[in-house]
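Each chain is listed here by its residues.
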Amino acid sequence: MSASRNRPMGVAFLLAQLGAHAAGRFAARVAELGLSPSDVGLLRMIALQPGRSQQSLAADLGVVPSRVTALLDPLDRAGLVERRRSAGDRRNHELHLTEQGAKVMEDIRKTAMAHEADLTSCLSPDQRGQLLALLELVAADQGLTPGVHPGYRRS
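This structure is a prediction, so every number in the text was calculated from the model and none was measured.

Help me understand helix H3 (residues 54-61), please; the structure alone is not making it clear to me.
Because an α-helix packs 3.6 residues into every turn, residues spaced three or four apart end up facing the same way. For H3, the set of buried residues is Gln54, Leu57, Ala58 and Leu61. Each buried residue of H3 lies within a common arc of 100 degrees when the element is viewed along its axis, so the set occupies one face. Residues of H3 that are buried make contact with helix H2 (37-48), strand S1 (52-53), helix H4 (65-77), strand S2 (81-85) and strand S3 (93-97).

Okay, here's the thing in structure tokens:
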């Protein structure tokens with residue numbers, strides 16, 4: 001705690017405060033692209049592993065497969081993602097970005113870079129690296145899956 005009784009300054013509080021602030025600003029930025037933060041996360045996961053199954057996506061997100069279907073349907077309707085029958089197992093679908101989805105991913109990348117630069121503008125490159133390393137250490141210690149926002153489990 002700080003010297004002031006009205007200003008809690010513990011690490012957990014500051015992480016929550018900054019997390020809420022960063023999430024709100026990011027949501028506003030990607031809304032300009034017609035996306036939600038959860039859309040961005042799904043597109044990113046598919047872009048990083050093209051051809052992955054809906055089941056593997058569900059496992060990584062920690063949700064039931066039917067939840068993934070509901071999350072993917074709007075992206076499919078928007079022409080950003082396509083489901084292709086697996087050649088190896090016709091019961092499964094492989095997930096791929098469409099050409100439009102790949103273009104949107106480039107817009108997302110630019111938006112995310114601007115967002116991070118804005119949030120960390122007060123830090124030197126060395127400080128940013130230190131902060132990133134420390135946050136990765138804390139996240140790993142808490143058992144968080146790298147690259148997967150825990151908010152999917154609540155949706």
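Read on for the rest.
For this particular structure, what's the right way to read the pattern of salt bridges?
Pairing between side chains of opposite charge can happen when the charged atoms of each approach one another. Going through the model one piece at a time under the given rule, you end up with 8 salt bridges. The salt bridge involving arginine 52 is made with aspartate 60; its shortest N-O contact spans 2.4 Å. Among the salt bridges present, the one from glutamate 106 reaches arginine 109, with a minimum N-O distance of 2.6 Å. Here arginine 109 and glutamate 106 lie together in helix H5 (residues 99-119), a separation of 3 residues that amounts to about one turn. Exposure remark for arginine 109: the relative accessible area of 40% places this residue in the partly exposed category. Linked by salt bridges that have partners in common, Arg25, Arg29 and Asp118 make up one network.

Sorry, what's going on with the pairing of S3 here?
In this structure, S1 lies alongside S3, joined through 2 bridges in antiparallel fashion. When the bridges of S3 are listed, serine 53 appears paired with glutamate 94. Summarising the sheet, S2 and S3 pair through 5 bridges and their orientation is antiparallel. Opposite arginine 83, over in S3, you have leucine 95 as the bridge partner.

Just checking my understanding: could you explain a nonpolar patch on the surface for this structure?
Together, Val11, Leu15, Leu131 and Leu135 give the surface a local cluster of nonpolar side chains, amounting to about 340 Å² of exposed area. Of all elements in the fold, only helix H1 (11-31) and helix H6 (125-141) reach the threshold of two or more residues within the nonpolar patch. Note on placement: leucine 15 falls in helix H1. When its relative accessible area of 40% is taken as the criterion, leucine 15 is described as partly exposed.

What is the right way to read the environment of alanine 23 from this model?
With respect to the helices and strands, alanine 23 occurs in helix H1. A relative accessible area of 41% places alanine 23 in the partly exposed class. Separated by 14 residues in the primary sequence, alanine 23 and proline 37 have C-alpha atoms spaced 8.2 Å apart.

I tried to follow the sheet that holds S3 on my own but got confused; where do I start?
Sheets are built from strands paired through backbone hydrogen bonds, the pairs being either parallel or antiparallel. Pairing is antiparallel across the open sheet formed by 3 strands, whose spatial order is S1-S3-S2. Where the open sheet ends on each side, the last strands, each with one partner, are S1 and S2.

Honestly, the packing of H1 against H5 in this entry has me stumped. Any pointers?
Pairs of packed helices are described in terms of their axes, by the angle between the two and the distance that separates them. Two elements in contact, H1 and H5, have axes separated by 10 Å at closest approach and are oriented at 145 degrees. Classified by chirality, the crossing of H5 by H1 is right-handed. Of H5, the residues touching H1 (which contributes His21, Ala22, Arg25, Phe26, Arg29 and Val30) are Thr111, Ala112, Ala114, His115, Asp118 and Leu119. Classifying every residue of the contact of H1 with H5 gives 6 nonpolar, 3 polar and 3 charged.

In this structure, what is going on with the side chain of histidine 96? I would like to understand it.
Tracing the chain through its elements places histidine 96 in strand S3. Residue class for histidine 96 comes out buried when judged on its relative accessible area of 13%. A distance of 3.5 Å separates a polar atom in the side chain of histidine 96 from a polar atom in the side chain of arginine 84. Not counting residues within four places of it along the chain, the set of residues in contact with histidine 96 comprises Ile46, Pro50, Gly51, Leu80, Val81, Glu82 and Arg84.

Calculation criteria
Residues numbered from 1 in each chain as written. Predicted model: local features only at pLDDT ≥ 70, side-chain atom pairs only at ≥ 80, totals over all residues. Heavy atoms only, no water. Buried < 20%, exposed > 50% of the residue type's maximum accessible area, 1.4 Å probe, protein only. Helix = DSSP H or I, 4+ residues; strand = E, 2+ residues; numbered from the N terminus. Arc of directions from axis to C-beta. Contact = heavy atoms within 4.5 Å. Salt bridge = Lys/Arg side-chain N within 4 Å of Asp/Glu carboxyl O. Pairing = 2+ DSSP bridges. Patch = residues over 30% accessible without salt bridge, like charges linked within 9 Å, V, L, I, M, F, W, Y side chains within 5 Å. Areas by Shrake-Rupley, 256 points an atom, 1.4 Å probe, with all protein chains shown as cover. Axes fitted to C-alpha atoms, helices over the stretch in contact; angles between N-to-C directions. Left-handed = near helix turned anticlockwise from the far one by under 90°. Nonpolar A, V, L, I, M, F, W, Y, C, P; charged D, E, K, R; others polar. Polar contact = N/O pair within 3.5 Å; in protein donor to acceptor, adjacent residues only side chain to side chain.

Remember that the coordinates give geometry; whether it matters functionally is a separate question.
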